[in-house]
Every structure is written in C-alpha cells, then in structure tokens.
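Each chain, letter by letter, is given below.
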Amino acid sequence: MDDAPRPDHSTIGHYADGDALTPPRIDSRREVARSRLFTVEALELTFSNGATRSFERLKSGGHGAVMIVAMPDPDHVLLIREYAAGPEQYVLTLPKGLIDPGEDPVTAANRELMEECGFGAHDIEPLAELSLAPNYMDHRMNVMLARDLYEKRLPGDEPEPLVVERHRLDELPALLAREDFHEARAIAALFMARERLLAGEALHSPDWW
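Student: I keep staring at the layout of surface pockets and nothing clicks. Help me out?
Tutor: The probe, sized like a water molecule, is rolled over the atoms to show the empty space still left. Of the pockets and cavities examined, the largest pocket occupies roughly 1900 Å³. If you go around the largest pocket, you meet 50 residues; those closest to its centre are Leu 37, Phe 38, Lys 96, Leu 98 and His 139. When contributions to the lining of the largest pocket are tallied by element, the ones reaching two or more residues are strand 3 (52-59), strand 5 (76-84), strand 6 (89-93), strand 7 (96-98) and helix 1 (105-117). Broken down by class, the residue content of the lining of the largest pocket amounts to 20 nonpolar, 13 polar and 17 charged.

Here you go:
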C-alpha cells in the first residue's frame, strides 16, 4: 500500500479555495492578421509573479452565437447534417448561428431554428454559455433549449439544403459512438439539456424526493 502523502488539490499553485487570482497586466496588443471572419491579435502579458508571455488569440468581433437543442416531442431532438470545412467532411451537429445586431439570444435561436430546421419554438430556455479553446479565442456560445415547436421556415445563408434528422435524446451513447458526431459543444449541449429535462421531471413528480 502506498503511504506517500497525497497532494492537496485545493492549494495547487499555492492558491487556496476562495483566494482571488490577479489577472496579468496587458502591456500591449496588436492586430497581426485579419480575414473576412477572423482577427488574430497578439498580447504581451506580465503576470503578478513577474513572468512575461506572448499570447495570440482569435478575437471575436460579433455579438456571440447560439446553439439550439430543439425538441419536436419530449423524446427526440433535431440534429442537422452539414459540411464542415475544418475536418472536410459532413458532420452531424445541432443547429447554430451568430447573433445578429439587435437580436437577443432567444430571438437569434428562433431565427436560426427556422432557417436551418424549418421550425420555430414557442418555448426557448437558455441553458448555459460555453466557450471553446479559451486560451486561444474569446468566442461564446449560448446553448438554448427549444420546445413546443411549430412549422415555419425562413431563408438562410447555407450553400445547400441541410439534412434534418430526429434522434432520441436518451440514446446519447449511440450518438457518441458515431464517427460523424464529434462537435464538443453539441455533445455538451445535449448532456445539459438531458439533465435539465430530468430535473424538471423530478421536480414535477410526486415522489421525486
């Protein structure tokens, strides 16, 4: 049996729970590249212990984005199949898109749902705000749960019609085993939606406790 002392994870890095970390000082920032979609910014930072580092990040210039867990009935969720230029393949994911100027996340989610799936929603509930690779970008994604759907389609900006599929929300393990379903934000969104729905069922059950 190993009797060596175990590390105290609450004080790793000499910071105990509740201690406030001092953000590094930004000594300079400059734009190093810009494209139609992205701006690359270089930051020179000095940390509170005197260490200096150079960081590059993708700077967000928009109003955020939404990803929608849309449920046409209590058991199923709508997924879309679209071409993803990153991995150069068709992937299965959730409907999503940028928040336009003047929109709030709920309005943007309903519009994207109409454009990509041909449905609107009477009930849209924010679940969480996710980041993606926060060391390199400040992009935020608002995850929304949409229920009480109705048919309505708006024209979108997709280069080709999206394939809309219905999948059972309780079959997440089967989805995770697929080679075409691997977007981390979509996976996290489905798990959060499932937990939210299970919590709602427990709350309204007479013997939930």
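Student: Any chance you could explain the sheet that holds strand 6 here in plain terms?
Tutor: What links the strands of a sheet is backbone hydrogen bonding, and the strands pair in either a parallel or an antiparallel sense. Ordered by their spatial adjacency, 3 strands build an open sheet running 6-5-10, and the pairing between neighbours is antiparallel. The sheet is open, and its two edges are formed by strand 6 and strand 10 (163-168), each paired on a single side. Adjacent strand axes in the sheet meet at a mean angle of 30° when their direction is disregarded. Alignment of strand 5 against strand 6, held across 5 bridges, turns out to be antiparallel. Paired with Ile 80 across the two strands is Thr 93, which belongs to strand 6.

Student: What's the story with the pairing of strand 1 (residues 25-34) in this structure? I'm lost.
Tutor: Taken residue by residue, a regular strand's side chains alternate between the two faces of the sheet. Here strand 1 pairs with strand 2 (residues 39-46) via 8 bridges, running antiparallel. Opposite Arg 25, over in strand 2, you have Thr 46 as the bridge partner. Between strand 1 and strand 2, which pair antiparallel and follow one another directly, the connecting turn spans 4 residues.

Student: When you look at the pattern of salt bridges in this model, what are you seeing that I'm missing?
Tutor: If charged atoms from side chains of opposite charge come close, those side chains can pair. In total, this model carries 22 salt bridges according to the counting rule given. Here Glu 112 makes a salt bridge to Arg 111, at a shortest N to O gap of 3.0 Å. Judged by relative accessible area, which is 6%, Glu 112 ranks as buried. Under the relative-accessibility criterion, Arg 111 is labelled buried at 13%. In this structure, the salt-bridge partner of Glu 183 is Arg 185, at a minimum N-O distance of 2.6 Å.

Student: Could you clarify how one ought to interpret the environment of Asn 142 in this entry?
Tutor: Structurally, Asn 142 can be placed in strand 9 (residues 140-151). By relative accessible area, Asn 142 is classed as buried at 14%. Separated by 13 residues in the primary sequence, Asn 142 and Glu 129 have C-alpha atoms spaced 4.5 Å apart. Each residue touching Asn 142, except ones within four places of it in the same chain, is listed here: Ala 65, Val 66, Met 67, Ile 99, Pro 105, Ala 128 and Glu 129.

Student: Explain the nonpolar core to me, please; I cannot follow it from the model alone.
Tutor: Buried together is how nonpolar side chains tend to be arranged in soluble globular proteins. In terms of nonpolar packing, the biggest core is built from 21 residues, with Val 69, Leu 94, Leu 175 and Leu 190 touching the most fellow members. Elements with a minimum of two residues in this core: strand 4 (65-70), strand 5, strand 9, helix 2 (172-176) and helix 3 (184-204). Beyond its immediate chain neighbours, meaning those up to four positions away, Leu 190 contacts Val 69, Val 77, Leu 94, Leu 169, Leu 172, Leu 175 and Phe 181. Counting 17 residues, the second-largest nonpolar core is a separate cluster that includes Ala 70, Leu 78, Ile 99 and Leu 113.

Student: I tried to follow the side chain of Glu 112 on my own but got confused; where do I start?
Tutor: Here Glu 112 is to be found in helix 1. A polar contact of 3.0 Å, which involves the side chain of Glu 112, links it to the side chain of Arg 111. Residue contacts for Glu 112: discarding those within four places in its chain leaves Val 66, Ile 68, Lys 96, Gly 97, Leu 98 and Cys 117.

Student: In this structure, what is going on with the sheet that holds strand 2? I would like to understand it.
Tutor: As summarised here, the arrangement of the 3 strands in space is 1-2-3, forming an open sheet in which the pairing is antiparallel. Each having just a single partner strand, strand 1 and strand 3 make up the two edges of the open sheet. Strand-to-strand, the axes of this sheet are offset by a mean angle of 20°, without reference to chain direction. Of the pairings in the sheet, the one linking strand 2 to strand 3 comprises 8 bridges and is antiparallel in character. Bridge pairing in strand 3 places Leu 43 opposite Phe 55.

Student: I would appreciate a short explanation of helix 1 in the present structure.
Tutor: Residues spaced three or four apart along an α-helix point in a common direction, a consequence of the helix completing one turn every 3.6 residues. Here helix 1 is 13 residues long and its end C-alpha atoms lie 17 Å apart, about the 18 Å a rise of 1.5 Å per residue gives. Among all positions in helix 1, only Ala 108, Ala 109, Asn 110, Arg 111, Glu 112, Leu 113, Met 114, Glu 115, Glu 116 and Cys 117 are buried. Here the buried face of helix 1 lies against strand 4, strand 5, strand 7, strand 8 (119-131), strand 9 and strand 10. Between the side-chain oxygen of the N-cap and the backbone nitrogen of Val 106 there are 3.1 Å, and the N-cap of helix 1 in question is Asp 104. Of the residues one or two after helix 1, Gly 118 is the one with positive phi, at around 80°.

What counts, and at which threshold
- Numbering of residues starts from 1 in every chain and runs along the sequence as written.
- Local features in this predicted model are restricted to residues whose pLDDT is 70 or higher, and side-chain atom pairs enter the listing and the counts only when it is 80 or higher, whereas totals over whole chains, interfaces and linings include all residues.
- Each side-chain value is worked out from all heavy atoms of the structure, with water and hydrogens disregarded.
- Buriedness of a pocket was judged along seven lines, with at least five required to meet protein on both sides within 12 Å; pockets are open sets of points on a 1 Å grid over the protein atoms alone, cavities are sets where a 1.4 Å probe fits but cannot get out, and lining residues have an atom within 4 Å of a point.
- Grid points are joined across faces, edges and corners, and a volume is the space filled by probe spheres set on the points.
- Helix numbers and strand numbers start at the N terminus; a helix is a DSSP run of H or I with at least 4 residues, a strand a run of E with at least 2.
- Each residue gets one label: Ala, Val, Leu, Ile, Met, Phe, Trp, Tyr, Cys and Pro are nonpolar, Asp, Glu, Lys and Arg are charged, and the others, such as Gly, are polar.
- By the convention used here, strands pair only if DSSP detects at least 2 bridges between them.
- Orientation is described by lines fitted to C-alpha atoms, with helices fitted over the stretch in contact, and by angles between N-to-C directions that extend from 0 to 180 degrees.
- The salt bridge criterion pairs a side-chain nitrogen of Lys or Arg with a carboxyl oxygen of Asp or Glu, the two atoms within 4 Å.
- The buried label applies to any residue whose accessible area, calculated with a 1.4 Å probe on protein chains only, is under 20% of its type's maximum; exposed applies above 50%, and partly exposed to all values in between.
- Contact definition: two residues touch when any of their heavy atoms are within 4.5 Å.
- Definition used in this section: a nonpolar core is a set of buried Ala, Val, Leu, Ile, Met, Phe, Trp, Tyr and Cys residues joined via side-chain atoms within 4.5 Å.
- Two N or O atoms count as a polar contact when they lie within 3.5 Å, although within protein this holds only if one can serve as hydrogen donor and the other as acceptor, and sequence-adjacent residues are included solely when both atoms are side-chain atoms.
- Here a helix's expected span is defined as the number of its residues, less one, multiplied by 1.5 Å.

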